[in-house]
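Structural overview
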Amino acid sequence: MRIQINDCSLQLTQGDITQQNVDAIVNAANSQLAGGGGVDGAIHSAGGASIMEETDRRYPDGCETGQAVISSAGNLSCKYVIHTVGPVWNGGLRGESDLLRSAFQNSLTLAFEHHCDSLAFPAISTGVYGYPMDLAAQNSLMTVAEFLREHEAPSLVKFVLFDAGAYGAFSYALENIAAVAINW
Ligand code: AR6
C-alpha cells in the first residue's frame, strides 16, 4: 500500500528491514547504542561489527530517547543507518507519544541533511518497548506524512512491517491519513 504526498511516496511493505533497497534504514536502538534483539540485532548482524565500532567512537554517550544519530552501514546495501531511540511504553501518560514523534522527526531530519532520497523505518517501539501497535501506527505515519508535506523529501519513505498484524494496523492507519491528506 502507498499514498502520495506532493511528489513523495509513503509506502508500507511487509518484510525484513535489512533487505531493503534504500539510501538509509532506521534502527530501533536503545539509549546506550549497545545493540540488542529485534531490528537492532538484525541490523548489526547483517551489517557487521563496523557499525557499532563507529557508533561507539562517534557517540560515546549514546543517544537519548527521542533523538537520532547516523552511521555508515557496513555490509548492508544502504548508505547509512540512522539509529533512533523510541520510548518504552508506560501506559501513555509519560510523554510516549511526543517522544515517538520526535524519534521520527529527528530521523527524517538526519536523512534530509544527508540527502537521502529513500528511507525505511521499522515500527519503532512496538516490540520490546511495548508501544501498542495501533497507536504507534497512527502517530508514526502522521509524523512522517507531515514531514513530507513540509519538506517535500525524501522521495520515498517506506515502513517495513515484520508481520501481518503490524502490516494490518499500519494499513488501517494509512487509509485514515490518506483521507486527511487529500485536502493538503
Ligand atoms: N525488520 C523489520 N521489523 C522488524 C525486524 C526486522 N528485521 N525485526 C523485528 N521487527 P524492536 P523496540 C519489528 O523490539 O520495541 C532492542 O533490543 C518487531 O516485530 O526491534 O523499539 C533494542 O536494542 C517490532 O514490531 O524495537 C532496544 O533495546 C518492531 O520491529 C529495544 O529492542 C520493533 O521491535 C527497542 O525496542
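The rules behind each value
Residues numbered from 1 in each chain as written. Predicted model: local features only at pLDDT ≥ 70, side-chain atom pairs only at ≥ 80, totals over all residues. Heavy atoms only, no water. Axes fitted to C-alpha atoms, helices over the stretch in contact; angles between N-to-C directions. Helix = DSSP H or I, 4+ residues; strand = E, 2+ residues; numbered from the N terminus. Parallel < 35°, antiparallel > 145°, perpendicular 65-115°, else oblique. Left-handed = near helix turned anticlockwise from the far one by under 90°. Contact = heavy atoms within 4.5 Å. Nonpolar A, V, L, I, M, F, W, Y, C, P; charged D, E, K, R; others polar. Disulfide = S-S within 2.5 Å. Buried < 20%, exposed > 50% of the residue type's maximum accessible area, 1.4 Å probe, protein only.

Now for the packing of helix α4 (residues 133–151) against helix α5 (residues 164–181). Viewed as axis vectors pointing N to C, α4 and α5 meet at an angle of 45°, and their least axial separation amounts to 9 Å. The angle between α4 and α5 places the two elements in the oblique class. Here α4 runs over α5; the crossing is right-handed. Contacts between α4 and α5 pair Met-133, Asp-134, Ala-136, Ala-137, Gln-138, Ser-140, Leu-141, Met-142 and Ala-145 from the former with Ala-166, Ala-169, Phe-170, Ala-173, Leu-174 and Ile-177 from the latter. Looking at the contact of α4 with α5 residue by residue, the classes come out as 12 nonpolar, two polar and one charged.

Bringing the state of the cysteines into the picture now. What makes a disulfide is a covalent bond joining the sulfur atoms belonging to two cysteines. Under the criterion given, the structure shown has zero disulfides. Of all cysteine sulfurs in the structure, the one in Cys-116 sits closest to Cys-78, which takes part in no disulfide; the separation is 9.0 Å. The exposure class assigned to Cys-116 is buried, which follows from its relative accessible area of 6%.

Everything listed here is a matter of coordinates, which is why it stays silent on function.
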